[in-house]
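The primary structure of each chain is shown beneath.
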Amino acid sequence: MTYSSWLHVHQVKLRANSIWLRDNSVKEMLHQDAFSNRFGKSRQQKRKACHMFNPLRSIKTLRDKQLIRRARVMFEQGERAAVVKLIGSLAAKASPRPDAVTLVVRALRQMQDHTAASRYLAPALIAWPNHTGLLFQQASLLLEMGDAQAALDLCHTKEAALSKHAGYSRLLAACENGAKLQAVLGTTSLMAEINDLENSGKWPKVADILWPIWQMKHPFDIPTLYSKLATGLRHAFRFKDAHEVIRGGLETLADTHELEVALGELLMAERKWVSAAKQWRKAIELAPNNPVPGLYIRLADAYLNGGESALAKSAIEEGLGQHPGQDSLLKKQVHVAFNSKAWAQALERAEALPPELKGEPAIQTLMAEARFELASPIAEQAYDLIGTGQPDEAKAKFAEALDTSGLNASKAEWTEAFSALCNLSAPHTDAEPLRQYPPALQKIMVAGTGWSGSGALYDFFREFEAVEPVHGEFRHIEHSEGLHGIKRKRPLVPHATAFFAKIASGLATYDNKSGYIPVQSARWCALKDQPTYAAATATFLKTYGAFVHHGRKDPSSLHAATNALIDAVIGAIMGRKPEHEKTFLLDNVIHCQNVALSEYLENFHYFAVFRDPRAQFAANMAENPNFHGDVQRFIKSYRDYRLKFERQRGTTSLRGGEITVVQFEEFVLSEDYRMALADLLNIGPHLLKHKYFDPDVSGRNVRLHDAYADKAALRQIEEALPEFLWEEKQ
């Protein structure tokens, strides 16, 4: 074939790629123009040319590659089901593309659909019996299905092909450990169950399975058994037992790297940062080859949590010395700069990241937070100018703060809100007209009193079709600078300024962690950069000013404006306009002792979750690292919370809302009780039953006090709080 003939064929390919391929005229052009006159006149020559240089086939291959590239992006974003839907047909062909099969199988493995993964792999391995990627997926699948011995046999049989894979050494070690563990457990089904529990994050159940086996049969020469059991115990907050297991493992298998890593994670869970840092340093030194980047990241985490920012920075730099340009280390370098409050440096490092890393949501959030930190001192100057009666200068300074913050889409609305703040003391505020507010969103509010079990109810409601959870405990209602300030009748302008800075916009400085919490909540909303939220803030400030100037006599417009603001908060958190067909699930936005604040909202059902005080005390002692442990102090706070709730519940005037008390123990133990609560709401069928709320797991939290050692403390609770004790009905 001459060069001119080759060039003409590829020109035709390019032309065809820009035209709809199903058009018969395109096919006619391709076959007649490209091939009939370029490769001789005989039928055999033409057939050979079409087989070798078919542009239709080349373009289809190009399309397949584009689909696979899209699927890889979706996989990295966690959209596993979408990956299978997009390229499943490519992977299911008689002669499938190995890269498509590999990606689909990885997605199905993470979805724990091992049967479907096997269906894709079987024909692919017939077509490509020595393909490294497919063999690696097959061995990994066998390991996850509990047949570690079969996976190990495959590693040995296909060693020549598998050894080309970068993760082969780790896979081989996992198969060897898994085969030993399988021999101890005796069945592949038990291994498969353990793997499924791990993949679904149900580590306490893993501990339940392995703990009796370890007690009967240890010591072992299987590091994986020790590390799995220690991890399960750690997630079950059984720290003492986890230390015992790791200590036993290190006595049998001294300086085993896997166990050293497990000990580091345990110390991190116990918040023993100095000891954890020493342990991670030891794990790095004992690493069999070049220490993996994750070890340096965990070392930096220990230093950061211990307040040693400089050491954290050194740890990441050390890791980059071993792994230059490694993605996770580069991202962690940004995190370290951010946590060190080097805002400008954090922005600079983030801007220098490769585009694919810079575009990740976590990095984008850090960059936005850093801009807020740089803008907040400028905004504070604007607030000071309001206080000294210089509104024009304040507006100019706030405009500078907005430019620094990066709030571009909602800049006009935030400017309007700040102008409303500046105008609060002006006489025309009295004449602020009432306005029509949008229909109120339907809301479910779940609340507790600290380890009372409200999280279980929240997870239960998440399983219904019409319910959409709104994650996080935003502070617009409960904080003293929020609606609490209105209830307490604080002075208008100082309170409104504090509300705008700390509760609404997040453009505020703070001195400590407690001061950061409301600011963080505000930034969570403002960073979505939604004009609706900023506009609702402006309307609230105007209405609040009119309410105060009119002597606080008619709160109806203020209630409507407040509800509209909270609905806008819901939209800001979700990053989109809420659908009125949905019911939005809120977690602890109003705690039980502040239930009176619910009078500012509309169209809601409030569930107050209470628990037997004995079990709640035992749970705090076992699980809450910040719990004071003083039984008399607990008794007083528990009684105060319950009495305050009942008092406020009886005197609060609700506008389109209801309040229901939930007994945690009854909720966990009775399906009828749970469904009766659901029947109070219009939330559709129970589609995802037990996906988030597991009665068996929550059932372990009922009557925790039965196993609690300090019986004297329990007797004090029983004597002081008899009316709040719960006993199971016979």
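Look up a bit, the structure's there.
Bear in mind that the values here come from a model prediction, so they are computed numbers and not experimental data.

Calculation criteria
- Residues numbered from 1 in each chain as written.
- Predicted model: local features only at pLDDT ≥ 70, side-chain atom pairs only at ≥ 80, totals over all residues.
- Heavy atoms only, no water.
- Helix = DSSP H or I, 4+ residues; strand = E, 2+ residues; numbered from the N terminus.
- Buried < 20%, exposed > 50% of the residue type's maximum accessible area, 1.4 Å probe, protein only.
- Contact = heavy atoms within 4.5 Å.
- Areas by Shrake-Rupley, 256 points an atom, 1.4 Å probe, with all protein chains shown as cover.
- Core = buried A, V, L, I, M, F, W, Y, C linked by side-chain atoms within 4.5 Å.
- Phe/Tyr/Trp six-rings, centres within 6.5 Å; stacked < 30°, edge-to-face > 60°.
- Lys NZ or Arg CZ within 6 Å of the ring centre and 35° of its normal.
- Salt bridge = Lys/Arg side-chain N within 4 Å of Asp/Glu carboxyl O.
- Pairing = 2+ DSSP bridges.
- Axes fitted to C-alpha atoms, helices over the stretch in contact; angles between N-to-C directions.
- Arc of directions from axis to C-beta.
- Parallel < 35°, antiparallel > 145°, perpendicular 65-115°, else oblique.
- Left-handed = near helix turned anticlockwise from the far one by under 90°.
- Nonpolar A, V, L, I, M, F, W, Y, C, P; charged D, E, K, R; others polar.
- 1 Å grid on protein atoms, 1.4 Å probe; cavity = no way out; pocket = protein on both sides within 12 Å on 5 of 7 lines; lining within 4 Å.
- Points joined across faces, edges and corners; volume = space filled by probe spheres on them.
- Patch = residues over 30% accessible without salt bridge, like charges linked within 9 Å, V, L, I, M, F, W, Y side chains within 5 Å.

Asker: What should I look at first to understand the overall build of the protein chain in this one?
Answerer: The secondary structure content of the protein chain amounts to 37 helices and five strands. Burial status across the protein chain gives 50% buried among its 730 residues. Sequence separation of 24 or more characterises 67% of the internal contacts of the protein chain that already satisfy a separation of 6 or more. Summed over all atoms, the accessible surface of the protein chain reaches about 34700 Å², with 51% contributed by carbon and sulfur.

Asker: Please explain the nonpolar core as it appears in this structure.
Answerer: In summary, soluble globular proteins display a tendency toward joint burial of nonpolar side chains. Judged by nonpolar contacts, the single largest core of 73 residues is most densely connected at Trp414, Phe418, Phe500, Tyr533, Phe540, Tyr544 and Tyr606. Ignoring anything within four residues of it in the chain, the contact list for Tyr606 reads Met445, Ala447, Ile590, His591, Cys592, Val595, Phe645, Glu658, Ile659 and Thr660. Membership of the second largest hydrophobic core comes to 65 residues, among which are Met191, Leu225, Val336 and Ala370.

Asker: Help me understand unusual backbone geometry in this model?
Answerer: A negative phi angle characterises most non-glycine residues, just as the trans form characterises most peptide bonds. One non-glycine residue, Asn603, adopts positive backbone phi at about 55 degrees. By the element assignment, Asn603 lies in the loop between strand 3 (583–587) and strand 4 (604–610). Judged by relative accessible area, which is 32%, Asn603 ranks as partly exposed. Although it is not a glycine, Arg703 sits at a positive phi angle of roughly 55 degrees. Here Arg703 shows up in the loop between helix 36 (695–699) and helix 37 (711–720).

Asker: Would you mind going over the packing of aromatic side chains with me for this structure?
Answerer: Any aromatic ring pair is given by two values, namely how distant the centres are and how the planes are angled relative to each other. All told, the structure shown has 26 aromatic pairs when counted by the stated rule. Ring centres of Phe338 and Trp343 lie 5.2 Å apart, and the angle between their planes is 70 degrees; on these two criteria the pair is classed as edge-to-face. Taken together, the ring pairs in this structure connect Tyr383, Phe398, Trp414, Phe418, Phe500 and Tyr533 into an aromatic cluster. If you follow Arg80 out to its NZ or CZ, it ends over the ring of Phe75, 4.3 Å from the centre.

Asker: Looking at this structure, I do not really get the pattern of salt bridges. What am I missing?
Answerer: As a working rule, side chains carrying opposite charge can pair if their charged atoms are close by. In total, this model carries 31 salt bridges according to the counting rule given. Across the salt bridge formed by Lys332 and Asp301, the nearest N and O atoms sit 2.4 Å from each other. Of this pair, Lys332 sits in helix 20 (residues 327–339) while Asp301 sits in helix 18 (residues 293–305), and the two are 31 residues apart along the sequence. The class for Asp301 is buried, based on a relative accessible area of 13%. One salt-bridge network, held together by shared partners, links Asp612, Arg614, Arg703, Asp706, Glu718 and Glu727.

Asker: Got a minute to help me understand the pairing of strand 3 in this structure?
Answerer: Consecutive side chains along a regular strand alternate between the two faces of the sheet. Of all five residues in strand 3, five are buried, a share of seventy percent or more. Taken together, the five bridges between strand 1 (residues 442–447) and strand 3 define a ladder with parallel strand orientation. In the sheet register, Lys443 faces strand 3, and the bridge partner there is Phe584.

Asker: What's the story with the sheet that holds strand 3 in this structure? I'm lost.
Answerer: Remark on secondary structure: sheet strands pair via backbone hydrogen bonds, oriented parallel or antiparallel. Across the sheet, five strands lie side by side as 2-3-1-4-5; this open sheet has parallel pairing. The open sheet is flanked by strand 2 (467–470) and strand 5 (657–663), the only strands paired with a single partner. Pairs of neighbouring strands in the sheet enclose a mean axial angle of 20 degrees, with direction left out of account. Its contacts with the sheet place helix 35 (residues 671–679) against strand 4 and strand 5, and it is angled at close to 170 degrees to strand 5.

Asker: Help me understand the environment of Ser340 in this model?
Answerer: When you line up the elements, Ser340 lands in the loop between helix 20 and helix 21 (343–351). Considering only alpha carbons, one finds Ser340 and Ala312, 28 residues apart in sequence, at a separation of 9.3 Å.

Asker: Whenever I open this one, helix 21 confuses me. Can you help?
Answerer: Owing to its 3.6 residues per turn, the α-helix aligns residues three or four sequence positions apart on the same side. Looking at helix 21, one finds that the buried residues are Trp343, Ala346, Leu347 and Ala350. When helix 21 is viewed along its axis, its buried side chains cluster within an angular range of 100 degrees and face the same direction. On its buried face, helix 21 is in contact with helix 20, helix 22 (355–358) and helix 23 (361–387).

Asker: Could you clarify how one ought to interpret the packing of helix 30 (residues 531–549) against helix 31 (residues 556–574) in this entry?
Answerer: The packing of two helices is summarised by the inter-axis angle and the distance between the axes. At a minimum axis distance of 9 Å, the contact between helix 30 and helix 31 shows a crossing angle of 160 degrees. Accordingly, the angle class assigned to the pair helix 30 and helix 31 is roughly antiparallel. The chirality of how helix 30 crosses helix 31 is left-handed. Taken together, the residues of helix 31 that come into contact with helix 30 (itself represented by Thr532, Tyr533, Ala536, Thr537, Phe540, Thr543, Tyr544 and Phe547) are Ser557, Leu558, Ala561, Thr562, Ala564, Leu565, Ala568, Val569 and Ala572. When the residues that make up the contact of helix 30 with helix 31 are grouped by side-chain class, the tally is twelve nonpolar, five polar and no charged.

Asker: Is there a simple way to think about the layout of surface pockets in this case?
Answerer: Any space left empty among the atoms is revealed by the rolling of a water-sized probe across them. Considered as a void within the structure, the second largest pocket measures approximately 1400 Å³ in volume. Taken together, 38 residues form the lining of the second largest pocket, with Arg170, Ala173, Ala174, Asn177 and Glu258 sitting closest to its centre. Listed by contribution, the elements that provide at least two residues to the lining of the second largest pocket are helix 8 (132–144), helix 11 (168–185), helix 12 (188–199), helix 14 (223–235) and helix 16 (257–269). Top contributing element to the lining of the second largest pocket by residue count: helix 11, with eight residues.

Asker: For this particular structure, what's the right way to read the packing of helix 25 (residues 411–422) against helix 30?
Answerer: Contact geometry for helix 25 and helix 30: axes closest at 8 Å, N-to-C directions at 10 degrees. Comparing the axis directions of helix 25 and helix 30 gives the class roughly parallel. As for how helix 25 packs across helix 30, the hand of that crossing is left-handed. Of helix 30, the residues touching helix 25 (which contributes Glu413, Trp414, Glu416, Ala417, Ala420 and Leu421) are Pro531, Tyr533, Ala534, Ala535, Thr537, Ala538, Leu541 and Lys542. Grouping the constituent residues of the contact of helix 25 with helix 30 by class yields ten nonpolar, one polar and three charged.

Asker: Explain a nonpolar patch on the surface here, please?
Answerer: Residues Leu687, Leu688 and Tyr692 make up a contiguous nonpolar surface patch of about 260 Å² in total accessible area. With respect to the secondary-structure elements, Tyr692 resides in the loop between helix 35 and helix 36. Exposure remark for Tyr692: the relative accessible area of 30% places this residue in the partly exposed category.

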